[in-house]
Amino acid sequence: MKFAYWSTNLGGVLFSSTPQNADPDLQTQIEVARRAELAGFDYTLVAARFLSTTGAAPDLYDALASSTAIAVSTNLLNVIAAIHPGLWHPAMIAKFSACVSAATKGRFHVNIISGWFKDEFIRLGEPWLDHDERYRRSEEFVAILRGLLSGEKFSFSGDFYRVRDLTFRPSPPRPVEIFQGGNSLAARALAARQTDWYFMNGDDIEGVSRQIAEIRKLAEPLGRSPRFAVNAFVILRDTEKEAAKVLEDIIAAVNSDAVEAFRVHAQGAGSSTKDRIGMWANSNFANLVQPNDGFKTGLIGTEDQIRERVRALEAAGVDLILCGFLDFLEEPTRFGAAVITSNPSRASVRNEAPAAIST
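Residues numbered from 1 in each chain as written. Predicted model: local features only at pLDDT ≥ 70, side-chain atom pairs only at ≥ 80, totals over all residues. Heavy atoms only, no water.

A.B. asks: For this particular structure, what's the right way to read the overall build of the protein chain?
C.D. replies: Each helix and strand in the protein chain was counted, giving twelve helices and twelve strands. Counting only residues that meet the buried cut, the protein chain has 58% of its 359 residues in that class. Considering only contacts in the protein chain between residues 6 or more positions apart, those separated by 24 or more positions represent 74%. Looking at the protein chain as shown, the accessible area adds up to about 14,900 Å², and 51% of this sits on carbon and sulfur atoms. (Helix = DSSP H or I, 4+ residues; strand = E, 2+ residues; numbered from the N terminus. Buried < 20%, exposed > 50% of the residue type's maximum accessible area, 1.4 Å probe, protein only. Contact = heavy atoms within 4.5 Å. Areas by Shrake-Rupley, 256 points an atom, 1.4 Å probe, with all protein chains shown as cover.)

Quick look at the structure:
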């Protein structure tokens, strides 16, 4: 099992007035990254948001800029930058990814977000596509990204993107891993055909197992074996009662207006599909307090309880857990000692990457 954490470039990961130690500035992001790296985390995911879903105007630090700062400030941590097809051209992301990967000895990766926040596209002057069309665009985006990252001459002509006789150098020293968000049937098909990693919203063991089984069934005839990641909000406390009380306090202090605004925007995701399968299609109000359904995954309790849950997720086929915390400066260290480095199988998991370049 590998572990990732949400970078704080957009602030905290809760719609709650409960105090969160998750400042978005670059200095905090880098300090969190360095501590998480020491705690044994393998990856950080740097989210991309150009407008707030709540109508507010908080500090939102760009995913590419933040990812680069983190990557050159750490030694082993893999950094995943979220990218929206439709807001970026894949050739530009291929060039950027290859250069940062070369500078950081292969520790830069991308997460393809097909897009659900309609207002963000409209206010940026970009066309808004229907749900499945967004995934067709993402598939072309990934095809071009892979082709240009190969370092060989590449051409592509699709419905959304075209490139002609391009050769991009430098090539990344290791393959740039392509992650993908989304839980819909279109997202699952894309994972089966194209991407390396499939990011799931938080879910129980049964829900996680079902998604993994469906994607494996689609991928196996193609000779592919994508890996699987799930979101989780971590509340690690000395007693089960104490952890439950923290969760209760978070939900009691909910920012109802923010949750409702997010719920309205999120209708452009799973609930917009014909089958109503996908992200947030079945999320209740309490689930949306942590917008990626992190409470559902169940990493809430004592060290023993959380370790047991991690084992159950691993048995279900999960390869990576993406963690959110109340306190991103302090809690990852405790989680690392209790859950990550205590696992005997972790000895061979960390990447043997050379030191980062000096900044």
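A.B. asks: Which parts of the structure should I look at to understand the packing of helix 3 (residues 90–103) against helix 5 (residues 131–149)?
C.D. replies: When two helices pack together, their arrangement is captured by the angle between the axes and the distance separating the axes. Here helix 3 crosses helix 5 at 40°, and the two axes come no closer than 9 Å. Between helix 3 and helix 5, the interaxial angle falls into the category oblique. In terms of crossing hand, the pair formed by helix 3 and helix 5 is right-handed. Judged by residue contacts, Pro-90, Ala-91, Ile-93, Ala-94, Ser-97 and Ala-98 of helix 3 engage Phe-141, Ile-144, Leu-145, Leu-148 and Leu-149 from helix 5. Of the residues assigned to the contact of helix 3 with helix 5, the class counts are ten nonpolar, one polar and no charged. (Axes fitted to C-alpha atoms, helices over the stretch in contact; angles between N-to-C directions. Parallel < 35°, antiparallel > 145°, perpendicular 65-115°, else oblique. Left-handed = near helix turned anticlockwise from the far one by under 90°. Nonpolar A, V, L, I, M, F, W, Y, C, P; charged D, E, K, R; others polar.)

A.B. asks: Looking at this structure, I do not really get the packing of helix 7 (residues 205–219) against helix 11 (residues 303–316). What am I missing?
C.D. replies: The geometry of helix 7 relative to helix 11 is characterised by a closest axis approach of 9 Å and an angle of 25° between their N-to-C directions. If you check the angle between helix 7 and helix 11, you find them roughly parallel. Seen from above, helix 7 lies across helix 11 with right-handed handedness. Note on element contacts: helix 11 touches helix 7 through Arg-309, Ala-312, Leu-313 and Ala-316, opposite Ile-205, Ser-209 and Ile-212.

A.B. asks: Which parts of the structure should I look at to understand the pattern of salt bridges?
C.D. replies: Note on pairing: side chains with opposite charge can pair once their charged atoms come close. This structure, assessed with the given rule, holds 16 salt bridges. Across the salt bridge formed by Arg-136 and Glu-133, the nearest N and O atoms sit 2.8 Å from each other. With Arg-136 and Glu-133 both in helix 5 and three residues apart, this pair spans about one turn of that helix. Relative accessible area serves as the criterion here: at 35%, Arg-136 is assigned to the partly exposed category. Here the residues in one salt-bridge network are Glu-31, Arg-35 and Glu-330, joined through shared partners. (Salt bridge = Lys/Arg side-chain N within 4 Å of Asp/Glu carboxyl O.)

A.B. asks: Could you clarify how one ought to interpret the nonpolar core in this entry?
C.D. replies: A general tendency of soluble globular proteins is for nonpolar side chains to be buried together. The biggest cluster of nonpolar side chains holds 80 residues, and the ones touching the most others in it are Phe-3, Phe-41, Ile-321 and Phe-335. Grouped together as the second largest cluster of nonpolar side chains are 23 residues, Ile-83, Tyr-161, Val-176 and Ile-178 included. (Core = buried A, V, L, I, M, F, W, Y, C linked by side-chain atoms within 4.5 Å.)

A.B. asks: Teacher, can you tell me more about helix 1 (residues 26–39) here?
C.D. replies: Residues that lie three or four places apart on an α-helix share one face, since the helix turns once every 3.6 residues. Taking 1.5 Å as the rise per residue, helix 1 with 14 residues should run 20 Å; its terminal C-alpha atoms sit 20 Å apart, in good agreement. Regarding helix 1, the residues found buried are Thr-28, Gln-29, Ile-30, Val-32, Ala-33, Ala-36, Glu-37 and Ala-39. Where helix 1 is buried, its residues contact strand 1 (2–6), helix 2 (63–72) and helix 12 (331–340). Positive phi appears at Gly-40, one or two residues downstream of helix 1, with a value of about 105°. (Expected span 1.5 Å × (residues − 1).)

A.B. asks: How do you make sense of the sheet that holds strand 9 (residues 227–233) when you look at a structure like this?
C.D. replies: Think of a sheet as strands paired side by side through backbone hydrogen bonds, with each pair either parallel or antiparallel. Taken together, the eight strands give a closed barrel; going around it, the order is 1-2-3-4-7-8-9-12, and neighbouring strands pair in parallel fashion. Strand-to-strand twist of the sheet, defined as the mean angle between neighbouring strand axes without regard to direction, takes the value 30°. Inspection of the sheet shows strand 7 (residues 178–180) paired to strand 8 (residues 197–200) by two bridges, in the parallel sense. Paired with Gln-180 across the bridge in strand 8 is Tyr-198. (Pairing = 2+ DSSP bridges.)

A.B. asks: Please explain the pairing of strand 3 (residues 78–83) as it appears in this structure.
C.D. replies: Each regular strand shows side chains that alternate between the opposite faces of the sheet. Buried residues dominate strand 3, accounting for six of its six residues. The side-chain alternation of strand 3 yields two buried faces, one formed by Asn-78, Ile-80 and Ala-82 and the other by Val-79, Ala-81 and Ile-83. Of the strand pairs in this sheet, strand 2 (residues 43–46) and strand 3 are connected by four bridges, and their pairing is parallel. The residue of strand 3 that forms the bridge with Val-46 is Ala-81. Crossover connection from strand 2 via helix 2 to parallel strand 3: handedness right-handed. Both strand 3 and strand 4 (residues 108–112) contribute to a ladder of five bridges, which runs parallel. Within strand 4, the position partnered with Ile-83 by the bridge is Ile-112. Handedness of the crossover joining strand 3 and strand 4 through helix 3: right-handed. (Right-handed = clockwise from strand over helix to strand, strands pointing away.)

A.B. asks: Explanation requested: the packing of aromatic side chains in the structure shown.
C.D. replies: Two aromatic rings, taken as a pair, are described by how far apart their centres are and by the angle between their planes. Following the criterion strictly, the structure yields 17 aromatic pairs and no others. Where Phe-325 meets Phe-328, the ring centres are 5.8 Å apart and the plane angle is 90°; that geometry is what we call edge-to-face. When its relative accessible area of 1% is taken as the criterion, Phe-325 is described as buried. Note on Phe-328: relative accessible area 0%, which makes it buried. (Phe/Tyr/Trp six-rings, centres within 6.5 Å; stacked < 30°, edge-to-face > 60°.)

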